[in-house]
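Below are the chains, spelled out letter by letter.
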Amino acid sequence: MNQFIKTPQQQLLIDQIRSLQPVFQSREPELDKRGSFPFDNINDLKKMNYHTLTLPIENGGQGFGLYEYVLAQEAIAEGSGATALSIGWHVGIVLEYAENHHWLKEPVDWLMTEIANGAFINTAATEANAGSPARGALPRTTAVSDGDFYIVTGQKTYTSMAPALDYIFVTATTESDEVITVVIPRQLDGVSIDETWDMLAMRGTASHTLILDHVRIPKTHILKRSGTSASTKGWLLHIPACYIGIAAAARAYAVEFAANYTPASLGKPIAQTPAIQQTIGEMELQLATARHLLYGTVERYNLTDNKAGMDEALNITKIAVTHAAMEIVDKAMKIVGSRALSEGNPMHRHYLNVRAGLYNPPMEDMVKSQMAVKAIQQFTQQLETEVK
């Protein structure tokens, strides 16, 4: 049993995902194409009811928590990073609700049933040239009151899993400057997807632009009002889980390559040389350290009654694990050599995809700035106390 798998239920979950990894890996070249999306992978996961992994049991789900979610996300990413990151938003948003029950009751009554029956959700909050919501930017998307309805107009970028979404949680600003989140069914008039996603990294997430052209929605579709969001989001640990999964796939490929590649000039597999063994050892150490940090943070989050006090630990874990993942992939690339950049070699995809982690929340510059301010304040307060 993997040292991070603790229960038979967790083992069964990971065994199911591992059985899909070779299939996912065989489909990865298709995700290099512009406009691609891993429909088959998502359908395979849906067949094992992965979309209900964190849905509460009373709502027809499996009722798993953060630990199982992170384990599963890492395992999916080892097969396909884009698949893991895509479906991870859906499963994580459901987990946030399961932990906080912070959605308004009226939409919950029907939304839980839709999710149990296979509907996919994601939040669309980011807007072009408006700044990041994580940095306090207000939505330019508007929700104008019209009797018992809102007329929602705007555009949202980075709408991951756009081709598969059934319901989109859209942040919008009302006429009274209140920020609300509304549930918008994908099939409503005025809702369309502009296929703008042309990134080289994580291309298969299909994070296109959502267009909302005077979409008419009942006010009963308000999911959240200002101030009702969960302040601490442990489920965002699915992001470093995804990237350490990609790193694990690169590490596995590099070790297998080293064990089997015998240059004519050497007469033995390169895995038997001290230099390659040193690099493999460094990868193993970094991978183990990153996993201990990741799963240790998950356990602390699950055990504490003060989840708001976990923000710094969550931020540090995301940054440290993502950087470790990039370094592991870089070392794997060096073992494989120049052929790792070949279009037919999976290593080039790992190299590109793992770097997308730099641009997923939380942003590194914000976290470092917050930590610096905290350190300076603590030092200043200490000096003031000593002077008194």
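Residues numbered from 1 in each chain as written. Predicted model: local features only at pLDDT ≥ 70, side-chain atom pairs only at ≥ 80, totals over all residues. Heavy atoms only, no water.

The name recorded for the chain in an unreviewed UniProt entry is Putative acyl-CoA dehydrogenase, short-chain specific, from Planococcus donghaensis MPA1U2. Recorded under Cofactor (unreviewed entry), the UniProt text for the chain is reproduced unchanged: "FAD". A UniProt comment under Sequence similarities (unreviewed entry) is attached to the chain, and it reads "Belongs to the acyl-CoA dehydrogenase family." (UniProt positions renumbered as here; feature names shortened; annotations may be inferred.)

Trainee: So what about the overall build of the chain? Which residues, and what values?
Mentor: On a plain count of helices and strands, the chain comes out with 10 helices and 8 strands. Its C-alpha atoms give the chain a radius of gyration of 22 Å, near enough to 21 Å, the size a compact globule of 388 residues would have. Counting only C-alpha atoms and orienting by the principal axes, one finds that the chain spans roughly 80 × 65 × 45 Å. Within the span of the chain, comprising 388 residues, buried residues form 50% of the whole. Put simply, 72% of the contacts in the chain that link residues at least 6 apart link residues at least 24 apart. Entry remark: accessible area of the chain is about 17900 Å², with carbon and sulfur atoms responsible for 52%. Between the mean site of the 32 positive side-chain charges and the mean site of the 41 negative ones, the chain shows a separation of 4 Å. (Helix = DSSP H or I, 4+ residues; strand = E, 2+ residues; numbered from the N terminus. Rg over C-alpha atoms; globule rule 2.2 N^0.38 Å. Buried < 20%, exposed > 50% of the residue type's maximum accessible area, 1.4 Å probe, protein only. Contact = heavy atoms within 4.5 Å. Areas by Shrake-Rupley, 256 points an atom, 1.4 Å probe, with all protein chains shown as cover. Lys, Arg positive; Asp, Glu negative; His and termini not counted. Charge placed at Lys NZ, Arg CZ, Asp CG, Glu CD.)

Trainee: Just give me the short version of the packing of helix α3 (residues 66-79) against helix α7 (residues 274-303), but keep the residues and values in it.
Mentor: In contact at an axis separation of 9 Å, α3 and α7 are set at 155° when each is read in the N-to-C sense. Put simply, α3 runs roughly antiparallel to α7. Contacts from Leu66, Tyr67, Val70, Leu71 and Glu74 of α3 reach α7 at Arg291, Leu294, Tyr295, Val298, Glu299, Tyr301 and Asn302. Here the residues of the contact of α3 with α7 sort into 8 nonpolar, 1 polar and 3 charged. (Axes fitted to C-alpha atoms, helices over the stretch in contact; angles between N-to-C directions. Parallel < 35°, antiparallel > 145°, perpendicular 65-115°, else oblique. Nonpolar A, V, L, I, M, F, W, Y, C, P; charged D, E, K, R; others polar.)

Trainee: Help me get a handle on the packing of helix α1 (residues 8-27) against α3, residues and values and all.
Mentor: As a packed pair, α1 and α3 sit with axes 7 Å apart at the nearest point and diverge in direction by 20°. Between α1 and α3, the interaxial angle falls into the category roughly parallel. For the pair α1 and α3, the sense of crossing is right-handed. Only Tyr67, Glu68, Leu71, Ala72, Ala75, Ile76, Glu78 and Gly79 of α3 make contact with α1, whose side of the interface consists of Gln10, Leu13, Ile14, Ile17, Gln21, Phe24 and Gln25. For the contact of α1 with α3, a count of residues per class yields 9 nonpolar, 4 polar and 2 charged. (Left-handed = near helix turned anticlockwise from the far one by under 90°.)

Trainee: Explain the domain arrangement of the chain to me, using residue names and the numbers behind them.
Mentor: It is common to give the size of an interface as the accessible area that goes away when the parts come together. When the domains of the chain are assigned, the result is domain 1 (2-120), domain 2 (122-225) and domain 3 (234-387). Spacing between the C-alpha centres of domain 2 and domain 3 amounts to 32 Å. Contacts between the two partners involve 5 residues from domain 2 and, on the opposite side, 9 residues from domain 3. Summed over both sides, the interface of domain 2 with domain 3 buries roughly 600 Å², with 67% coming from carbon and sulfur. Our enumeration of links across domain 2 and domain 3 arrives at 1 residue pair in polar contact (both at pLDDT 80 or more). (Domains from an automatic or database assignment. Buried area = accessible area lost by both parts, 1.4 Å probe. Polar contact = N/O pair within 3.5 Å; in protein donor to acceptor, adjacent residues only side chain to side chain.)

Trainee: Mind laying out helix α8 (residues 311-336), listing which residues take part and the relevant values?
Mentor: Quick reminder: α-helices carry 3.6 residues per turn. Residues three or four places apart thus point the same way. A rise of 1.5 Å per residue sets the reference length of α8, with its 26 residues, at 38 Å; its end C-alpha atoms lie 38 Å apart and thus fit the reference within 8%. Looking one or two residues beyond α8, the residue adopting positive phi is glycine 337, at roughly 85°. (Expected span 1.5 Å × (residues − 1).)

Trainee: I'd like a description of the pairing of strand β4 (residues 167-174), backed by residues and values.
Mentor: Counting buried positions along β4 gives 8 out of 8 residues, so the element sits mostly inside the fold. Residue alternation in β4 divides its side chains into two sets, Tyr167, Phe169, Thr171 and Thr173 and Ile168, Val170, Ala172 and Thr174, and both sets are buried. Note that strand β1 (residues 121-124) and β4 share 4 bridges and pair parallel. If you follow threonine 123 over to β4, its bridge partner there is phenylalanine 169. As paired elements, strand β2 (residues 142-146) and β4 share 2 bridges and run parallel to each other. Bridging across to β4, alanine 143 finds its partner in threonine 174. As judged from the 7 bridges shared by β4 and strand β5 (residues 179-185), these two strands associate in the antiparallel manner. (Pairing = 2+ DSSP bridges.)

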